[in-house]
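# Geometric and topological summary
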Amino acid sequence: MTVDAGTQQERVAGRVWTVRLDPYGRPSTGTVRLSCSRPACPDQRFTDGAAAARKAAVAHVNLHLARIRAGGGPRGEAWCACRAADCAWHTPDPAVGARGSTRPTAESGTARCGGPVALTVYADRAGRLWRIAEMCARCAAATADCRVLDTAAPPARAVPTGTDQPATTPAATTGDGVAAVFSDHHPSPATSASPAPATTPVPCARTTSPDGTPRRAKRWGKIAQRIVPHDLEPDVLRLELIDLGDAFRAYQQRTEPDLALLAELHERKARAFSLWADASGDGSLRHEAQRAEKAAQTTREMHANRSGQPAGATADDAGPVVERLLTRQQAVHARAVLDYAQAHAPRPEAEAHLAVLMLTLRAARAGVGNITGQDLTGWLQDDAERVLQQLVDTDWLRLPGTVAEVMASRPENPIAVTVPALLPDQPRPFTFGKTTRARISGWAQKAVGDRKLRKKKAGAATRLLALYTAAHTRPDGHLGHPEDGGLHLDKAAAFCALSAEQVGEHVELLVAAGWIAEVDISEGQLHGQLTERVLPLAGLL
């Protein structure tokens, strides 16, 4: 049987462009490769860091998007590209499996793909993968971190050969020669110019329901890349979801964050999505509700850390409101690193304690960290080369070359050093991730490299004491737990490799440098308060 080509439109597979970043070569080189799934796009290599590679990847994605839009945008006749991949792009749901599964099952009986073809872009949270795809609206809504950029018009409906009615026309002519114009099309010039005899006009659409009450169009909206169903019951839940979507979009337009407001929005979203899951039986909605609950809790903790007061504290309990460098949980991890460095320092001198602490922070995740000669001299001044050699002699630290080569290294060419006790094949002493490691390392670097401490030529013991006081601070800036009333001199002295009697001398240096104030040493305890300029470094107890 011969089929006229003009009567049938074959659907084509949705197009997919994938841009990704991957390590290239030896890890020590730091080279990143940018690759694109399009054969015409050659691979690119970047040696100046992941940030430059990520910027180039975003520019490459935008170039493809511009070309797609110049070529007409998404194609309405294309198949969903996500369906071609067995809908593997959806966020997994432990309750019901992949959302939007296209394979009918005995339980579901129907496919979930549907809606117009959309041009979408997906970016993973790690900043390593970008995907441009033509996919259906349902799959786009079910895919986390997926943005819809454009939607194709539905393809024209084909009409079998031999029929007298055209496939799609903006206006149909009646037998009396009157042009009936449909509501979604404007009359063509030819139609508007044709004579129209005086006949009975085409009736307008009804504006009332059969019972005589006026009809009102229902509000519609989106939230979390989902369209709120117009027939969702109860109606109060539908309106709450629409209002929530508008509230989240309004929050994104704010110039300044309001974490208390954001936590409240997440709490409302958790309640609304839980009710939506009960009403629809969709397990993915319950999964989204659980994510919103966690987001609300995290946001409340962030608000407590930024305001410098425990969660649930009243305004009367609030101390100075400052932007803390560490969150409360990160401060807990920081104190764990301080205790580890004190317990595992191979030498009893303060210089060795300080070097062990800073190197542990650099290598805490994988046992390997980058340092430069400038880092070492900033920590230890003239003792850097001697202390580094001592750590190598005790096998606490291993270098790829000589100590002199490490001391001569520059920021543009750091040296990767190894701490054997922190390698992955050893029991891991720390449980924090790479972001927390970087935050704690930056916090310690700021404390040790404080400008006024440098001006006073503070030694290793004084800098260790500054770190110890910053790590053991209450929200109001006072030292130690409230029940203790201050810091125990013997613990502070052990960390700084000093005797309890020597601590007072270094406390005076911290007072002169404007680090602490209102100092009092009595009954084996150090009382005092961090100055206002140091409060951002306080690791809250």
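Source: prediction; values computed, not measured.

### Structural notes on the overall build of the protein
The number of helices and strands found in the protein is 17 helices and 17 strands. Relative to its 541 residues, the protein shows a buried fraction of 39%. For the protein, restricting intrachain contacts to residue pairs at least 6 apart in sequence, the fraction spanning at least 24 positions comes to 59%.

### A few points about the sheet that holds strand β17 (residues 525–530)
The three strands lie next to each other as β15-β17-β16, forming an open sheet whose pairing is antiparallel. Each having just a single partner strand, β15 (487–488) and β16 (516–522) make up the two edges of the open sheet. Bridge count for β16 against β17 is five bridges, and the pairing is antiparallel. Residue pairing for β17: Ile516 is matched across the bridge by Leu530. Sitting on the sheet, helix α17 (residues 503–512) touches β16 and β17, and the angle it makes with β16 is about 165°.

### Focus on the environment of Leu479
Turning to its location among the elements, Leu479 is positioned in the loop between α15 (460–471) and β15. Expressed as a C-alpha distance, the spacing of Leu479 and His527, which sit 48 residues apart in the sequence, is 6.3 Å. In this structure, Leu479 is in contact with Thr469, His472, Thr473, Arg474, Gly485, Gly486, Leu487, Leu526, Gly528, Gln529 and Leu530, ignoring residues within four places of it in sequence.

### Looking at the nonpolar core
Counting residues in hydrophobic clusters, the biggest one holds 72 residues, and the most contacted among them are Leu354, Leu357, Trp379, Leu397, Trp443, Trp515 and Leu530. Once residues lying within four places of it in the same chain are set aside, the contact partners of Trp443 are Leu325, Leu326, Ala334, Leu338, Leu467, Ala470, Ala471 and Leu537.

### What to know about the sheet that holds strand β2 (residues 31–36)
An order of β3-β2-β1-β7-β6-β8 is seen for the six strands of this open sheet, with the pairing classed as antiparallel. The open sheet terminates on both sides in strands that have one partner only, identified here as β3 (44–46) and β8 (146–151). Geometrically, the sheet is characterised by an average inter-axis angle of 20° between neighbouring strands, direction not taken into account. Summarising the sheet, β2 and β3 pair through three bridges and their orientation is antiparallel.

### Some words on the environment of Ala444
For Ala444, the location among the structural elements is in helix α13 (residues 434–448). Judged by its relative accessible area of 1%, Ala444 is buried. The contacts of Ala444, once residues within four sequence positions are left out, are Met358, Leu361 and Leu467.

### Observations regarding the confidence of the model for the protein
Confidence along the protein averages 80 in pLDDT terms, with 78% of residues attaining 70 or more. Across the protein, the secondary-structure element scoring lowest on mean pLDDT is strand β10 (residues 179–181), at 38, and the one scoring highest is helix α9 (residues 350–363), at 95. In this model residues 1–9 is a low-confidence stretch, pLDDT under 50, and it forms seven contacts with partners more than four residues away in sequence or in other chains. Predicted confidence for residues 313–320 stays below pLDDT 50, and this span has six contacts to residues more than four positions away or in other chains.

### A short note on the packing of aromatic side chains
The description of two aromatic rings rests on the distance between their centres and on the angle between their planes. A complete count under the given rule lists four aromatic pairs for this structure. Measuring from centroid to centroid gives 5.2 Å for Tyr340 and Phe430, while their planes differ by 70°, and the two rings are edge-to-face. With Tyr340 in helix α8 (residues 328–344) and Phe430 in the loop between β14 (415–418) and α13, this pair connects stretches of sequence that are 90 residues apart. Phe430 carries the same exposure label as Tyr340, and that label is buried. Seen from their ring centres, Phe430 and Phe432 are 5.4 Å apart, and the 25° between their planes marks the pair as stacked. Across the pair, Phe432 and Phe430 agree in class, each one buried. Members of the aromatic cluster, joined through ring pairs, are Tyr340, Phe430 and Phe432. Over the ring of Trp89 we find Arg131; its NZ or CZ atom is 4.1 Å from the centre of that ring. One residue, Lys269, lies across the ring of Phe273, its end atom 5.5 Å from the ring centre.

### Considering the pattern of salt bridges
Inspection of every chain in the model, using the stated rule, returns 17 salt bridges. Here Arg20 ties to Asp22 by a salt bridge, and the two come within 3.2 Å at their closest N and O atoms. Residue Arg20 is classed as partly exposed on the basis of its relative accessible area, which comes to 36%. Ionic pairing is found between Glu349 and Arg347, a salt bridge with its closest N-O pair at 3.2 Å. For Glu349, a relative accessible area of 26% puts it in the partly exposed group. Bridged by salt links that share partners, the residues Arg15, Arg75 and Glu134 form one connected network.

### Comments concerning the side chain of Thr462
If you trace the backbone, Thr462 turns up in helix α15. The buried category is assigned to Thr462, whose relative accessible area is 2%. Here His506 takes part through its side chain, which lies 2.8 Å from a polar atom of the side chain of Thr462. Once you skip the residues sitting within four places of it in the chain, Thr462 turns out to touch His506, Leu509 and Leu510.

### With respect to unusual backbone geometry
That bond from Glu233 to Pro234 is cis: its omega, 0°, falls within 30 degrees of zero. By the secondary structure assignment, Pro234 is in the loop between β12 (226–227) and α5 (235–252).

### Remarks on α5
End to end, α5 covers 26 Å across 18 residues, agreeing with the expected 26 Å (1.5 Å per residue, within 8%). Looking only at α5, the buried set comprises Leu237, Arg238, Leu241, Ile242, Leu244, Gly245, Phe248 and Tyr251. Turning to α5, the residues buried within the fold contact β11 (222–223) and α6 (259–280).

### Observations regarding the state of the cysteines
What the rule picks out here adds up to zero disulfides. For Cys80, which is in no disulfide, the shortest distance to another cysteine sulfur is to Cys136 and amounts to 3.8 Å. Of the residues examined, Cys80 reaches a relative accessible area of 8% and is grouped as buried.

### Quick word on the pairing of strand β7 (residues 129–136)
A large share of β7 lies buried, amounting to eight of its eight residues. Of the two faces of β7, the one holding Leu129, Arg131, Ala133 and Met135 and the one holding Trp130, Ile132, Glu134 and Cys136 are both buried throughout. Relative to β7, strand β1 (residues 16–24) runs antiparallel, the two being bridged by five bridges. Its bridge partner being in β7, Val16 is matched across the sheet by Ala133. Bridging between strand β6 (residues 117–123) and β7 involves seven bridges; their strand directions are antiparallel. Within β7, the position partnered with Ala123 by the bridge is Trp130.

Quick notes on the rules
Residues numbered from 1 in each chain as written. Predicted model: local features only at pLDDT ≥ 70, side-chain atom pairs only at ≥ 80, totals over all residues. Heavy atoms only, no water. Helix = DSSP H or I, 4+ residues; strand = E, 2+ residues; numbered from the N terminus. Buried < 20%, exposed > 50% of the residue type's maximum accessible area, 1.4 Å probe, protein only. Contact = heavy atoms within 4.5 Å. Pairing = 2+ DSSP bridges. Axes fitted to C-alpha atoms, helices over the stretch in contact; angles between N-to-C directions. Core = buried A, V, L, I, M, F, W, Y, C linked by side-chain atoms within 4.5 Å. pLDDT = per-residue confidence, 0-100. Phe/Tyr/Trp six-rings, centres within 6.5 Å; stacked < 30°, edge-to-face > 60°. Lys NZ or Arg CZ within 6 Å of the ring centre and 35° of its normal. Salt bridge = Lys/Arg side-chain N within 4 Å of Asp/Glu carboxyl O. Polar contact = N/O pair within 3.5 Å; in protein donor to acceptor, adjacent residues only side chain to side chain. Expected span 1.5 Å × (residues − 1). Disulfide = S-S within 2.5 Å.

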